[in-house]
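Each chain, letter by letter, is given below.
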Amino acid sequence: MTAVLATRRLALGAAIGLGLIAAASAQPSREFERAELGYLNADLRAEVERRATGANTPRGVLETIMLNNLQLRLPSTEVIAVDFLKSTVVYRAPDGALRAARFNPANLTVVE
């Protein structure tokens, strides 16, 4: 197996895994949402709770804030997954590639 083929298989496996994670997190439980909100500073948590009305879920508001913050530093089109424990966000770049970046979980700003 060539190195290029191995790299492609690894990338495909990672993309499939991330897709499954994103699908599983599409409807997080209330407990999960509360846990995510617990990472935020008080001001940002209040903003998320204020904006999470009607069809806007806390997770959706978090992803929107994260996407806006990502776009300030890195070209991105979509948040794929957010891992608060590892302070990592996976996002889709304009070229379609999946990339990861570290972020500050208290204020959702990208740190790299």
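Preceding this section is the structure that the text describes.
Our subject in this report is the structure included herewith.

Calculation rules
- Residues numbered from 1 in each chain as written.
- Predicted model: local features only at pLDDT ≥ 70, side-chain atom pairs only at ≥ 80, totals over all residues.
- Heavy atoms only, no water.
- Core = buried A, V, L, I, M, F, W, Y, C linked by side-chain atoms within 4.5 Å.
- Buried < 20%, exposed > 50% of the residue type's maximum accessible area, 1.4 Å probe, protein only.
- Helix = DSSP H or I, 4+ residues; strand = E, 2+ residues; numbered from the N terminus.
- Contact = heavy atoms within 4.5 Å.
- Polar contact = N/O pair within 3.5 Å; in protein donor to acceptor, adjacent residues only side chain to side chain.
- Pairing = 2+ DSSP bridges.
- Salt bridge = Lys/Arg side-chain N within 4 Å of Asp/Glu carboxyl O.
- Axes fitted to C-alpha atoms, helices over the stretch in contact; angles between N-to-C directions.

Let's talk about the nonpolar core
Consideration 1: Among the nonpolar cores identified, the biggest contains 19 residues, and Leu40, Leu70, Val89 and Leu108 are the most heavily contacted of them.
Consideration 2: Contributing elements (two or more residues each) for this core: helix 3 (42-51), helix 4 (58-73), strand 1 (78-83), strand 2 (88-92) and strand 3 (98-104).
Consideration 3: If one sorts the elements of this core by residue count, helix 4 sits on top with six residues.

Considerations on the environment of Arg92
Consideration 1: With respect to the secondary-structure elements, Arg92 resides in strand 2.
Consideration 2: For Arg92, a relative accessible area of 28% puts it in the partly exposed group.
Consideration 3: Between the alpha carbons of Arg92 and Ser76 there is a distance of 5.7 Å; along the sequence they are 16 residues apart.
Consideration 4: Leaving out residues up to four positions away in the same chain, Arg92 has contacts with Ser76, Thr77, Glu78, Ile80, Ala97 and Leu98.
Consideration 5: A polar atom in the side chain of Arg92 sits 3.4 Å from the backbone oxygen of Gly96.

Some thoughts on the pairing of strand 1
Consideration 1: Sheet analysis places strand 1 next to strand 2, joined by five bridges and oriented antiparallel. The residue of strand 2 that forms the bridge with Ala81 is Val90.
Consideration 2: Joining the antiparallel neighbours strand 1 and strand 2 is a turn of four residues, in which Ser87 adopts a positive phi near 50 degrees.

Re the pattern of salt bridges
Consideration 1: Tallied over the full model, the rule gives seven salt bridges.
Consideration 2: Between Arg51 and Glu47 there is a salt bridge, with the nearest N and O atoms lying 2.8 Å from each other. Linking Arg51 with Glu47, this pair stays in helix 3, spanning four residues, or about one helical turn.
Consideration 3: For Arg99, the salt bridge identified is with Asp95, shortest N-O distance 3.2 Å.
Consideration 4: Assessed through its relative accessible area of 36%, Arg99 is described here as partly exposed.
Consideration 5: The class of Asp95 is exposed, set by a relative accessible area of 57%.
Consideration 6: Through salt bridges that share partners, Glu36, Arg59 and Glu63 make up one connected network.

Brief notes about the sheet that holds strand 4 (residues 109-110)
Consideration 1: Strand order in this open sheet of four strands is 1-2-3-4, and the pairing throughout is antiparallel. Two strands lie at the open edges of the sheet, namely strand 1 and strand 4, each paired on one side alone.
Consideration 2: One ladder, built from two bridges, connects strand 3 with strand 4; its direction is antiparallel. Bridge pairing in strand 4 places Asn104 opposite Thr109.

Here's the deal with the packing of helix 2 (residues 30-39) against helix 4
Consideration 1: Between helix 2 and helix 4, the least distance of the axes is 10 Å, while the angle of their chain directions is 35 degrees. Contact residues: helix 2 offers Phe32, Glu33 and Glu36, while helix 4 offers Pro58, Arg59 and Leu62.

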